[in-house]
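What the coordinates show
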Amino acid sequence: MTEPATKKAKTEACADFGVFGMGTMGQNLALNIAERGYRLAAYNRPDEFQARIWGALDRAKKEGAAAGKTILIDAHTELPDFVAALKTPRRILLSIPSGKPVDMTLEALAPLLTEGDVVIDGGNEMFKNTERRSKEMLEKGIHFMGMGISGGEVGARHGPSLMPGGTKESWERVKDVLEAMSAKAGDVKEDAPCVTWVGPGGSGHYVKMVHNGIEYADMQFIAEAYDLMQNVCGFTNTEMAAVFDRWNKGRLQSYLFEITAEILVKKDDQEGCAGYLLDQILDQAGNKGTGKWTVQEAADVGIAVPCVSAALEARYTSAQKSDRLKCEKLYKGKVDGAELPVASTLSAAEKEGIVVEMEKALFAAKILAYAQGLSVIQAASVEYKWEVKLSELARIWRGGCIIRAKLLNTISAALKKSPHLSTLLLDEEVSAELCEAAGGLRAVVARAVAAGLSAPGFGGALAYFDGMRRGRCSANMIQAQRDFFGAHTFKRLDKEGSFHASW
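Residues numbered from 1 in each chain as written. Predicted model: local features only at pLDDT ≥ 70, side-chain atom pairs only at ≥ 80, totals over all residues. Heavy atoms only, no water.

Here the bond from Thr88 into Pro89 is cis, since omega is -5 degrees, no more than 30 degrees from zero. As for its placement among the helices and strands, Pro89 is situated in the loop between helix 3 (79-84) and strand 4 (91-94). For Lys385, which is not a glycine, the phi torsion comes out positive at approximately 60 degrees. In this fold, Lys385 is placed in the loop between helix 14 (348-384) and helix 15 (390-396). (Helix = DSSP H or I, 4+ residues; strand = E, 2+ residues; numbered from the N terminus.)

Within this structure, the stated rule accounts for 29 salt bridges. Arg246 serves as the salt-bridge partner of Glu352, at 3.0 Å between the closest nitrogen and oxygen. Note that Glu352 is positioned in helix 14 and Arg246 in helix 9 (residues 237-247), a separation of 106 residues in sequence. For Glu352, a relative accessible area of 36% puts it in the partly exposed group. Of the charged contacts in the structure, one is a salt bridge between Arg251 and Glu436, with a shortest N-O distance of 2.8 Å. With Arg251 in the loop between helix 9 and helix 10 (255-264) and Glu436 in helix 17 (residues 428-451), this residue pair connects regions lying 185 residues apart in the sequence. Among the residues examined, Arg251 registers a relative accessible area of 24% and is labelled partly exposed. Overall, the relative accessible area of 37% leaves Glu436 in the partly exposed class. Within the structure, one salt-bridge network assembled from shared partners comprises Asp103, Glu125, Arg132, Arg133 and Glu136. (Salt bridge = Lys/Arg side-chain N within 4 Å of Asp/Glu carboxyl O. Buried < 20%, exposed > 50% of the residue type's maximum accessible area, 1.4 Å probe, protein only.)

Spatially, 7 strands are ordered 3-2-1-4-5-6-7 in an open sheet, and the strand pairing comes out mixed. What marks the edges here is a single partner per strand, and that holds for strand 3 (73-76) and strand 7 (161-165). Across the sheet, the mean angle separating the axes of adjacent strands is 25 degrees when strand polarity is ignored. Sheet topology note: the strand 1 (residues 17-20)/strand 4 ladder contains 3 bridges and is parallel. Among the inter-strand pairings, Phe20 is bridged to a residue of strand 4, identified as Leu94. Against the sheet, helix 5 (residues 127-138) engages strand 5 (118-121) and strand 6 (143-150), with an angle of about 150 degrees to strand 6. Against the sheet, helix 7 (residues 168-181) engages strand 1, strand 4, strand 5, strand 6 and strand 7, with an angle of about 30 degrees to strand 6. (Pairing = 2+ DSSP bridges. Axes fitted to C-alpha atoms, helices over the stretch in contact; angles between N-to-C directions. Contact = heavy atoms within 4.5 Å.)

One way to see where empty space is left: roll a probe the size of a water molecule over the atoms. Under the criterion given, the structure shown has 1 cavity of 30 Å³ or more. A volume near 50 Å³ is recorded for the largest cavity. Along the walls of the largest cavity sit Ala371, Leu374, Ser375, Gln378, Leu390, Leu415, Leu421, Ser422, Thr423 and Leu424, which together make up its complete lining. Among the elements that take part in the lining of the largest cavity, helix 14 stands out by supplying 4 residues, more than any other. Across the lining of the largest cavity, the residue classes break down as 6 nonpolar, 4 polar and no charged. (1 Å grid on protein atoms, 1.4 Å probe; cavity = no way out; pocket = protein on both sides within 12 Å on 5 of 7 lines; lining within 4 Å. Points joined across faces, edges and corners; volume = space filled by probe spheres on them. Nonpolar A, V, L, I, M, F, W, Y, C, P; charged D, E, K, R; others polar.)

What follows covers the environment of Glu258. Within the secondary structure layout, Glu258 lies in helix 10. For Glu258, a relative accessible area of 35% translates into the label partly exposed. The sequence separation of Glu258 and Arg246 amounts to 12 residues, and the corresponding C-alpha distance is 9.8 Å.

This next bit is on the nonpolar core. By size, the foremost hydrophobic cluster in this structure holds 90 residues, and its most contacted members are Trp247, Trp397 and Phe458. Considering every element that reaches this core, the biggest residue donor is helix 14, with 18 residues. The contact partners of Trp397, leaving out residues within four places of it in the chain, are Ser161, Met163, Val207, His211, Ile214, Tyr370, Leu374, Ile377, Ile403, Arg404, Ala405 and Leu408. (Core = buried A, V, L, I, M, F, W, Y, C linked by side-chain atoms within 4.5 Å.)

Looking now at the packing of helix 14 against helix 18 (residues 456-468). When two helices pack together, their arrangement is captured by the angle between the axes and the distance separating the axes. At a minimum axis distance of 9 Å, the contact between helix 14 and helix 18 shows a crossing angle of 65 degrees. The angle between helix 14 and helix 18 places the two elements in the roughly perpendicular class. By crossing handedness, the relation of helix 14 to helix 18 is classed as left-handed. Contacts between helix 14 and helix 18 pair Ala361, Leu362, Ala365, Leu368 and Gln372 from the former with Phe458, Ala461, Tyr464 and Phe465 from the latter. Taken together, the residues that form the contact of helix 14 with helix 18 break down as 8 nonpolar, 1 polar and no charged. (Parallel < 35°, antiparallel > 145°, perpendicular 65-115°, else oblique. Left-handed = near helix turned anticlockwise from the far one by under 90°.)

On to the packing of aromatic side chains. Scanning the entire structure with this criterion turns up 15 aromatic pairs. Their ring planes at 5 degrees and their centres at 5.8 Å tell us that Phe221 and Phe458 sit as a pair that is stacked. Residue Phe221 is located in helix 8 (residues 203-231), and its partner Phe458 is located in helix 18; the two are separated by 237 residues in the primary sequence. For Phe221, a relative accessible area of 0% corresponds to the buried category. Relative accessible area serves as the criterion here: at 0%, Phe458 is assigned to the buried category. Each member of the aromatic cluster is reached from another via a ring pair, and the members are Phe127, Tyr206, Tyr384 and Trp386. Looking at Arg251, its charged tip hangs above the ring of Phe363, at a distance of 4.2 Å from the centre. Between Arg315 and the ring centre of Tyr216, over which it is positioned, the NZ or CZ distance is 3.7 Å. (Phe/Tyr/Trp six-rings, centres within 6.5 Å; stacked < 30°, edge-to-face > 60°. Lys NZ or Arg CZ within 6 Å of the ring centre and 35° of its normal.)

This part is about helix 18. Across its 13 residues, helix 18 extends 18 Å between first and last C-alpha, which sits within 8% of the 18 Å expected from 1.5 Å per residue. For helix 18, the full list of buried residues reads Gly457, Phe458, Gly460, Ala461, Leu462, Tyr464, Phe465 and Asp466. As for helix 18, its buried residues are in contact with helix 8, helix 12 (306-319), helix 14 and helix 17. (Expected span 1.5 Å × (residues − 1).)

Further remarks concern the confidence of the model for the protein chain. Averaged over every residue, the pLDDT of the protein chain is 93; the share at 70 or more is 96%. Taken together, the stretch residues 4-10 has pLDDT below 50 and engages in 12 contacts with residues farther than four places along the chain or on a different chain. (pLDDT = per-residue confidence, 0-100.)

On to the layout of surface pockets, then. For the second largest pocket, the calculated volume is near 340 Å³. Considering the residues around the second largest pocket, the lining is formed by 14 residues, among which Arg472, Asn476, Lys491, Arg492 and Leu493 are closest to the centre. Among the secondary structure elements, those contributing two or more residues to the lining of the second largest pocket are helix 19 (475-486) and strand 10 (490-491). The dominant element in the lining of the second largest pocket, judged by the number of residues it contributes, is helix 19, at 4 residues. In the lining of the second largest pocket, the residues fall into 6 nonpolar, 3 polar and 5 charged.

This is the structure in structure tokens:
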């Protein structure tokens, strides 16, 4: 990296936009914006990480030269100079860790800003913190926005899906930059920006939280399909990759299916290692909190999200590696009806039949996960008076983001047709798709149970579907029990009012 001879920053207000924080995401977002023709001011504090700012400049020069463009980035390590370099009203995107670092940054920035400036938090932040900060900053005349960014570092560089929330005024001030830097997708031409004003306050971060919850579920379904193909069908990595690649050319087309096919055949490049990298990765899945928040917030608004909660709990179970190894040793061969079939006894036709079942299971489960997530957003939108347009979310998720999928075209059309649909399951086209695919989901869950394989994602999806399609369920027994031991009362089918029985 080439560090400039002088670190003195330009103080002339000539930059159109600022990015605070030059980590992986910050650098890529800065380069993305600057490449769209905006002069960008980049800031990183003068500490052990300040080399990142010079790295951003080097990348701007190299990537600009490679593309035959001039990418204008002014580097700053002094906060007053960074702020002074921005045209007013200033527009600043924070790309820093969530929580306390955001509060500390706002405390340092606020005295340097003026009325009408806009600060955007681009991290995965708890929406309640965003609501608080939005109110606190607005009292100072400064607009604070919380924006979900999906797409990882590649999306950040070339076009992510963006979910900004804040005042309508702040949206209008940053709209041009966000639309320019976002991914593009559309029904006919791939030119519609994958960004929309989600709503006021913390709505943007809330929507990104639920987006990540759906992502958890989708990844879990794929992991369960991989498990079944490997341990029931006895497929090799190459064979499984071919199946995922085939699925990705049909109605299951999505970013996650695309990368799964690539992951399966990635060779281990460590010196002295042979075989596939996936087979050497420790079976413990991490998490950063958004999946947990989704489950917690869904409970707060009274919406069931079994696909997300199953995926979250599966990650927690995976973390118990030591105990799992001990349990495997203790229970192996001792549990009736829970042993894996011998894959070699299955014919090619039988294996293909399982693959067909799994395609249907994955499609049905995917619909059900989206239905659950969108119901949570709908309930929260009513609770917090955000007026979120679900059809717009489905539209902007079609490009750039991790959960982008062909299915979102159907979902977007359904929500455009019926904007206030209480659940996606009530759309006629979606219900027809579910009816066709649900048999495969049921078959795959039964097959996993028979083989003794844990499939909580598929199981949760099926239980939700079966629960939602019954007009009368068994909850009357639960309410009777509550009244028996706690006099919680109950309602009757044939009379109005609340009742208590002398049991």
